[in-house]
Amino acid sequence: MRLDLEIHSPLEEVNLPAFTKHGVRVFVKRDDLIHPLISGNKWRKLKYLLKKADAESKQHLVTFGGAYSNHLLATAAAAAKFGFKATGFVRGEEVQNDTLLLCRLHGMQLIFTSRESYRDKAALFNNHFAGDTNAFFIDEGGASPEAALGCSELVDELPFAFDHVFCACGTGTTAAGIINGLNKHQLKTQFHAIPALKNGNFLRNDIDKFLTHPHPFHLHNQYHFGGYAKTTPKLIGFIKTFTAATGILIEPVYTGKMLYALVDMVKQGEFASGSRILAVHTGGIMGLFGMANKF
Ligand SMILES: *Cc1c(COP(=O)(O)O)cnc(C)c1O
């Protein structure tokens, strides 16, 4: 099999009154445009995992996620596109939603798993697929050195050096990969990680774990809006205003929180006039539809 996984996402400048007022230029790396379902960072995260599976002649991707997992859907879509079979272990009792419908449409077999047994992913894999020499384990969210390597390539695509880069975090793998990329190019860019979940301090370790060299970064813990997949009217209002003003669709779970943080810090005068700031659009727009009742 020959896997053509090369991509290069567009870069787009956005103008908001706050940016002009504070003299900063803000650009969005449109990874959301890479693919409608293998969206944003998920394509980058899967790239070297798929290559590894292919090199090991494994044709069956086995992975894990919650019922709204963008990673599960991306894996299902990538498996269909690149000729793999796919199984997804879904946390919790059996449910139906748009994400799982799309997983099934792409041929992914879904195995609903109690929250208790979901905790031990290696055991789940071994219990179900120990005898399947084709089965290839991909951790929840794709978290792995391979995924970080794929994400580091985002930096190769940047046409000039930024003063600051912002990225939303779930497992922190994407953040670590981008920091590795900045390091590789010996850039002085400051990296800002925005956890999508509450008490995100553990992310410092999780990001450090995938760094090829130790490197400082900022972890901004105060933009979780109540926790993972939680929203407030303020966040929803921000998303509506941002999308209407820029034409760039964002969602409440990850990119809405990250861009809220960016705009908030610009308004607080955190960045010197003349600063060039990059926001990584990690995609995930499917997550919007599960939250339509919040708008
Ligand atoms: C999965 C996802 C993330 C989190 O990526 P990590 O590498 O796990 O930190 C961020 N944004 C979106 C839109 C995602 O779907």
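In short, a report on the structure. (Residues numbered from 1 in each chain as written. Predicted model: local features only at pLDDT ≥ 70, side-chain atom pairs only at ≥ 80, totals over all residues. Heavy atoms only, no water.)

Points about the overall build of the chain
The number of helices and strands found in the chain is 12 helices and 10 strands. On the principal axes, the C-alpha backbone points of the chain span a range of 60 × 45 × 30 Å. Scored against the burial criterion, the 295 residues of the chain give a buried share of 56%. For the chain, restricting intrachain contacts to residue pairs at least 6 apart in sequence, the fraction spanning at least 24 positions comes to 74%. For the chain, the accessible area works out to roughly 13000 Å², and carbon and sulfur atoms hold 51% of it. Of note, the chain has its 31 positive side-chain charges centred 4 Å away from the centre of its 26 negative side-chain charges. (Helix = DSSP H or I, 4+ residues; strand = E, 2+ residues; numbered from the N terminus. Buried < 20%, exposed > 50% of the residue type's maximum accessible area, 1.4 Å probe, protein only. Contact = heavy atoms within 4.5 Å. Areas by Shrake-Rupley, 256 points an atom, 1.4 Å probe, with all protein chains shown as cover. Lys, Arg positive; Asp, Glu negative; His and termini not counted. Charge placed at Lys NZ, Arg CZ, Asp CG, Glu CD.)

Describing the site of the ligand
Close to the ligand lie 14 residues; K42, K45, T171, T174 and T282 are nearest. At 2.8 Å from an oxygen atom of the ligand is found a main-chain nitrogen or oxygen belonging to G170. Contact with the protein chains covers 96% of the free accessible surface of the ligand, which is 380 Å². Per-element tally for the shell around the ligand: the top contributor is helix α2 (residues 41-55), with three residues. Broken down by class, the residue content of the shell around the ligand amounts to two nonpolar, 10 polar and two charged. Structurally, the shell around the ligand is a two-domain feature, drawing no fewer than three residues from each of domain 1 (11-36 + 144-294) and domain 2 (41-142). (Near = heavy atom within 4 Å. Polar contact = N/O pair within 3.5 Å; in protein donor to acceptor, adjacent residues only side chain to side chain. Nonpolar A, V, L, I, M, F, W, Y, C, P; charged D, E, K, R; others polar. Domains from an automatic or database assignment.)

Re helix α11 (residues 255-267)
Under the 1.5 Å per step criterion, the end-to-end length of α11 is 18 Å for 13 residues, consistent within 8% with the ideal 18 Å. In terms of burial, α11 is largely enclosed, as 11 of its 13 residues are buried. For α11, the secondary structure elements touched by its buried residues are α1 (17-22), β2 (25-29), β7 (164-169), β8 (190-195), α10 (233-246) and β10 (276-280). In the segment just after α11, G269 is the residue with positive phi, at about 75 degrees. (Expected span 1.5 Å × (residues − 1).)

Considerations on the state of the cysteines
One pass over the structure, following the stated rule, counts zero disulfides. Summary of cysteine pairing: C151 is not part of a disulfide, and the nearest cysteine sulfur, belonging to C167, is at 7.7 Å. For C167, which is in no disulfide, the shortest distance to another cysteine sulfur is to C169 and amounts to 5.6 Å. Classification of C167 by relative accessible area gives buried; the value is 0%. (Disulfide = S-S within 2.5 Å.)

Everything listed here is a matter of coordinates, which is why it stays silent on function.
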